[in-house]
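# Structural overview
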Amino acid sequence: MKISGIGFNSEWVASQSFEDFVKHEKHHGLSKEQMREVHTLCVKKHKIEKPKVKKVE
Amino acid sequence: MAISLCSTVVANTGAIACDVAPGIPVKMLIYNGSKLKTAISSSATFQAFLETNSKLAKTSTEKVFVFPIIQDVVDATEANTTGALNQGFTTVLREGKPAYTFKTFAGQSLVPQLRRFNNTSVRVLMLDSNNRVWGVSSGTNFIGAEAKIFVGGLKFATGQAVEEGVATISLSYLTASELNDDAIYGEVESTSDIIGLIDVTLEETAASASNVYKIGVTIPTAEVGGEINLYDTYSAELASETLWEAFTGATYGTPLTITSVAADATNSGWTVTFDSTEYTALAAGNIKVQLKAPATLDAADVTGIESGYVIVVKA
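Residues numbered from 1 in each chain as written. Chains lettered and ligands numbered in written order. Predicted model: local features only at pLDDT ≥ 70, side-chain atom pairs only at ≥ 80, totals over all residues. Heavy atoms only, no water.

### Digging into the interface of chain A and chain B
- Counting residues at the interface gives 13 residues for chain A, matched by 19 residues for chain B.
- Note on chain A versus chain B: buried area summed over both sides is about 980 Å², and carbon and sulfur give 48% of it.
- The interface formed by chain A and chain B includes 0 salt bridges.
- On the surface where chain A and chain B come into contact, there are 14 residue pairs in polar contact (both at pLDDT 80 or more).
- At the level of secondary structure, the elements contributing two or more residues to the side of chain A that touches chain B comprise β2 (6-8), α1 (10-14) and α2 (18-25) of chain A.
- Top element by residues in the side of chain A that touches chain B is β2(A). It accounts for 3 residues.
- Here the residues of the side of chain A that touches chain B are counted per class, giving 4 nonpolar, 7 polar and 2 charged.
- Note: β2(A) against strand β18 (residues 258-264) of chain B, 3 bridges, orientation antiparallel. If you follow Gly7(A) over to β18(B), its bridge partner there is Val261(B). (Contact = heavy atoms within 4.5 Å. Buried area = accessible area lost by both parts, 1.4 Å probe. Salt bridge = Lys/Arg side-chain N within 4 Å of Asp/Glu carboxyl O. Polar contact = N/O pair within 3.5 Å; in protein donor to acceptor, adjacent residues only side chain to side chain. Helix = DSSP H or I, 4+ residues; strand = E, 2+ residues; numbered from the N terminus. Nonpolar A, V, L, I, M, F, W, Y, C, P; charged D, E, K, R; others polar. Pairing = 2+ DSSP bridges.)

If you want it as structure tokens, here you go:
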């Protein structure tokens, strides 16, 4: 899935919690809103109802 | 009644209307594979076969390699060997094997690629001036005619003739019978999508940061230090993780998940990010990174190239 010129592996994104996704891909410099949009679209595409929950440290 | 073997060795001699014959050679195609005639029996399927197979990776046995357009044709076929008896009888003892000398336009970056085929036995298809591609019938299959080719190097021009950028190709068929007795053809509407691919090189453009690597894609040229950077043409198209792949392991048989690919304007390449969990679990060692197969790239409008690979190191 391509968003803001970045090709994201949508299946991998959908398998991650939003927090883990942001932490993993923060080097692209996207805003939190943009990251939210990517994550939401990927989850919707792959119909993941329960993405991985971020571990509480 | 004469006792005769004619019925077992000869054929009838009637001609069909509008029979065709080979035209002027236009492009030589190397095809070492084999295709069922029934699968390419229409012009559409024959064309699709050549287009598809010209975009296969060069490791495929079904790959069609496309040589440049022929600009000069000389028939170099060996004359038949004849014998005679002293009362005037002459006959052909041995048929000369077909051979041709072609000239094509090619630059110094391409000629060494063509010369990689020198003195190897290959099977050749020939596109002629009537848009017919000639091969050989082998049972139920369409194959190329067996031949050896030799591509000469480029020379300095003398200014006396058309010589600059002209490469000479010698084509010598191994048997006369394949062309003379077993030749068959398929028709194509257009040859614009039956193309030769260019090998591209991958390299690291900058230091990696953990699981994030910087990769460039270039085409080497004959100029010292010169290369064509595909970032200039495909920065957006190649910013797609669906066009890249990475492998680890002793024989690079284990896929490593790529989570994202982004155009990297700073280094005129791409930022390739690996799954950090998988990456962290890797022992220190090599990771093989490459673009996907030419057909996959072509479908994504990254046309005319075949990827090499770069080995990056996880410290």
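### Remarks on unusual backbone geometry
Residues and elements named next belong to chain B.
- Phi is positive for asparagine 119, close to 60°, though the residue is something other than glycine.
- The residue asparagine 119 is located in the loop between α3 (111-115) and β7 (121-128) in this model.
- Within the chain, serine 210 stands out as a residue other than glycine whose phi angle is a positive 55°.
- With respect to the helices, strands and loops of the structure, serine 210 is situated in the loop between β13 (198-209) and β14 (212-220).

### Topic: the sheet that holds strand β16 (residues 244-248) of chain B
- With respect to topology, 4 strands assemble into an open sheet ordered β17-β16-β20-β22 (chain B), the strand pairing being antiparallel. Two strands lie at the open edges of the sheet, namely β17 (254-255) and β22 (309-314) of chain B, each paired on one side alone.

### With respect to the pairing of strand β19 (residues 269-274) of chain B
Residues and elements named next belong to chain B.
- Buried residues dominate β19, accounting for 6 of its 6 residues.
- Sheet topology note: the β14/β19 ladder contains 4 bridges and is antiparallel. Opposite isoleucine 215, over in β19, you have tryptophan 270 as the bridge partner.
- In the sheet, β18 pairs with β19 via 6 bridges, with the strands oriented antiparallel. In the sheet register, aspartate 264 faces β19, and the bridge partner there is glycine 269. (Buried < 20%, exposed > 50% of the residue type's maximum accessible area, 1.4 Å probe, protein only.)

### Let's talk about the pattern of salt bridges
Residues and elements named next belong to chain B.
- One pass over the structure, following the stated rule, counts 8 salt bridges over all chains.
- Here aspartate 193 and lysine 55 are joined by a salt bridge, their closest N and O atoms 2.8 Å apart. Of this pair, aspartate 193 sits in the loop between β12 (183-187) and β13 while lysine 55 sits in the loop between α2 (43-54) and β3 (64-75), and the two are 138 residues apart along the sequence.
- According to the relative accessible area criterion, lysine 55 is buried, its value standing at 8%.
- Taking the shortest distance from any N to any O, the salt bridge between aspartate 264 and lysine 214 comes out at 4.0 Å. A residue pair is termed long-range when its members are at least 10 positions apart, and aspartate 264 in strand β18 and lysine 214 in strand β14 qualify at 50 residues.

### A short note on the pairing of strand β8 (residues 132-138) of chain B
Residue and element names in this part refer to chain B.
- Counting buried residues in β8 gives 5 out of 7 residues, a clear majority hidden from the surface.
- Following β7, the chain reverses through 3 residues before pairing antiparallel with β8; asparagine 131 in that reversal takes a positive phi of roughly 60°.
- Here 5 bridges tie β8 to β12, and the two strands are oriented antiparallel to one another. Bridge pairing in β12 places arginine 132 opposite glutamate 187.
- In this sheet, strand β9 (residues 141-143) lies alongside β8 in antiparallel orientation, the contact comprising 3 bridges. Along β9, the bridge assignment pairs serine 137 with phenylalanine 142.

### Remarks on the environment of Asp199(B)
Residue and element names in this part refer to chain B.
- Within the element layout of this structure, aspartate 199 appears in strand β13.
- Linking aspartate 199 and glutamate 306, residues 107 residues apart in sequence, is a C-alpha distance of 5.0 Å.
- Setting aside chain neighbours within four positions, we find aspartate 199 in contact with Lys58, Gln113, Ile219, Pro220 and Glu306.
- Among the polar contacts listed, one links the side chain of aspartate 199 to the side chain of glutamine 113, at a separation of 3.1 Å.

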